[in-house]
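What follows is each chain in one-letter form.
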Amino acid sequence: MDNVAGVSTIDKDLQALIQKVKDANLPPDLFAKINERLLQLEKIVSSPSFLPEFDSIERYINWVTVLPWNTKTKDVLDLTFAKKVMDQHHFGLTEIKDRVLEYISVMKLKDQKGETEEVYRAPILCFVGLVGTGKTTIAYSIAESLGRKVARIPFGGMGDPLDLRGQSRMHPEAEPGKLIKALRDCGSRNPVILLDEIDRVTDQGRASIMGVLVELLDPKQNYAFMDYYIDFPFNLSEVLFIATANNTTNIATAVMDRLEPLMMPSYTDLEKTTIGKSYVLPKALKEAGIPDGALVIEEAVWPNVVRPLGYDAGIRTLERTIAGVVRKSARQIVEGKQTSVKISQANVKEYIPQ
């Protein structure tokens, strides 16, 4: 009796899986491939090998049915909006902002002509610069200005191309690579995917990882990207790839040939002061819950804020310094020592490391 009940439960699980595949909007060839496998499973329900096979196909189906095979977001092709978004998050960077606006302009013209089915091959931008110069954050701003989802794939320390391409289902603990996971997380086949710090892969895995990158970035190849776990081509031609690197020395020539490098400038003290006043401080105050006007930094103090311990090409030190000032001010306000804080030359040493 127990055996009959067990078989009945298994059969219900199998039928539920078959229905899940029918309900999913899968490519016809993939649907046929999975359906054939499920029909084979139906024939061995009573076999000892059924459960391992069922678990394997169930994991596979759970992956392929959540991938955005036919789902994409509608681009926001509004130059005014795009400029507003980028200006809101970034000071300067005129050349980079112009490149994004040019790209959106071409997309808008093609959309007006009704050429929506023909994919416009966007330039694959690679932001090159020192730490803290805004390489990663500009990619998020580009995604926001286009109204696209965004996912980041970190390359720092990556040593195995299977991290990108996934592992064959022949291995018990196999799973898809970071590309497929990024597409699942975005739920869209046309997201912005940030390939972050592509120059920082390990020496051992550099050649093979660069080989996968060539396939990703080449429009003649990426329309049928093959993840070893999914084992079915996925069209990446509508993905907008953006890369970052600290320098280009360790990037293969074949990869560089498919990128449009843009140098991220180092910031001057004057630019950092503007960024600190207009971007970093307002954001830090909002995150700390400090009301408007409760923290004032005098003009004469900003050189100490910008360069507390020496020169820094990026703005990471600036962000840390301002965050420290805001935290100390918040504590004084909460403890009732002051209702507002004014930082001047007289008390700057209490707030900023010298």
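One can find the structure itself at the top, above this paragraph.
Residues numbered from 1 in each chain as written. Predicted model: local features only at pLDDT ≥ 70, side-chain atom pairs only at ≥ 80, totals over all residues. Heavy atoms only, no water.

Requested: an account of the overall build of the protein, with residues and values cited.
Looking only at helices and strands, the protein features 13 helices and nine strands. In terms of overall dimensions, the protein is more spread out than a globule: its C-alpha atoms have a radius of gyration of 26 Å, far above the 20 Å expected for 354 residues. Expressed along its principal axes, the backbone C-alpha trace of the protein runs to roughly 85 × 55 × 45 Å. Of all 354 residues assigned to the protein, the portion counted as buried reaches 45%. Of the roughly 18,400 Å² of accessible surface on the protein, a fraction of 52% belongs to carbon and sulfur atoms. (Helix = DSSP H or I, 4+ residues; strand = E, 2+ residues; numbered from the N terminus. Rg over C-alpha atoms; globule rule 2.2 N^0.38 Å. Buried < 20%, exposed > 50% of the residue type's maximum accessible area, 1.4 Å probe, protein only. Areas by Shrake-Rupley, 256 points an atom, 1.4 Å probe, with all protein chains shown as cover.)

For the pattern of salt bridges, give the residues involved together with the corresponding values.
As enumerated under the stated definition, the model contains 20 salt bridges in all. The partner of K97 in a salt bridge is D87, with the nearest N and O atoms 2.8 Å apart. Here K97, found in helix α5 (residues 94-112), pairs with D87, found in helix α4 (residues 79-89); they are 10 residues apart in sequence, far enough to count as distant. (Salt bridge = Lys/Arg side-chain N within 4 Å of Asp/Glu carboxyl O.)

Kindly report on a nonpolar patch on the surface, identifying the contributing residues and their values.
On the surface, L162, M226 and Y228 cluster together into a nonpolar patch covering about 240 Å² of accessible area. Take Y228: it is sitting in the loop between β4 (225-226) and β5 (233-234). (Patch = residues over 30% accessible without salt bridge, like charges linked within 9 Å, V, L, I, M, F, W, Y side chains within 5 Å.)

Got a sec to walk through the pairing of strand β3 (residues 192-196)? Specific residues and values, please.
It is a general feature of regular strands that their side chains alternate between the two faces of the sheet. Counting buried residues along β3, five of its five residues qualify, which places the element largely inside the surrounding structure. Residues of β3 alternate between two faces, with V192, L194 and D196 on one and I193 and L195 on the opposite face, all of them buried. In terms of strand pairing, strand β2 (residues 150-154) meets β3 through five bridges, oriented parallel. Within the sheet, the bridge partner assigned to V150 lies in β3 and is V192. Bridging between β3 and strand β6 (residues 240-245) involves four bridges; their strand directions are parallel. Paired with L194 across the strands is I242, a residue of β6. (Pairing = 2+ DSSP bridges.)

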